[in-house]
Amino acid sequence: MIYEKYIKESTPATKKTKVLNEDLIKSIISTREDLINANKNFEFAEGELIDYYLYQIKATQSKYNYLLRKAKKSGLLVSMLDEIEIKNLNEAI
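Residues numbered from 1 in each chain as written. Predicted model: local features only at pLDDT ≥ 70, side-chain atom pairs only at ≥ 80, totals over all residues. Heavy atoms only, no water.

Undergrad: Tell me about the packing of aromatic side chains, and name the residues and values.
TA: Two descriptors summarise a pair of aromatic rings, namely the distance from one centre to the other and the angle between the planes of the rings. According to the stated counting rule, one finds one aromatic pair in the structure shown. For the ring pair Tyr52 and Tyr53, a centre distance of 5.0 Å and an interplane angle of 70° mean the geometry is edge-to-face. (Phe/Tyr/Trp six-rings, centres within 6.5 Å; stacked < 30°, edge-to-face > 60°.)

So, in structure tokens, the structure goes:
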């Protein structure tokens, strides 16, 4: 009886944590894609755009490092990121 009550009370918190973790993973994946794109754009930049893309790369790298540290503190693993990417690719097909 007490055990059942504990499970009922802990379930919403577990769901909230799961949603937060999924959002964090999506942010990491999105930021990694932004970083890749910024690096590609930098390769073809000319003139004043070189400075712009250097700034964008540094800013995006800082965000990416922050998100990775946050994921590590949450106990998320890199393999979870790969699973989410594979799932997203399958949904897109």
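Undergrad: Give a detailed account of the nonpolar core, specifying residues and quantitative values.
TA: Leu24, Ile25, Ile28, Ile29, Leu35, Ala38, Ile57, Tyr64, Leu67, Ala71 and Leu76 form the largest nonpolar core, which has eleven residues in total. Taken together, the elements giving at least two residues each to this core come down to helix H1 (2-43) and helix H2 (49-74). Broken down by element, this core gets its largest block of residues, six residues, from H1. Not counting chain neighbours up to four residues away, the residues in contact with Ala38 comprise Tyr53, Gln56 and Ile57. (Core = buried A, V, L, I, M, F, W, Y, C linked by side-chain atoms within 4.5 Å. Buried < 20%, exposed > 50% of the residue type's maximum accessible area, 1.4 Å probe, protein only. Helix = DSSP H or I, 4+ residues; strand = E, 2+ residues; numbered from the N terminus. Contact = heavy atoms within 4.5 Å.)

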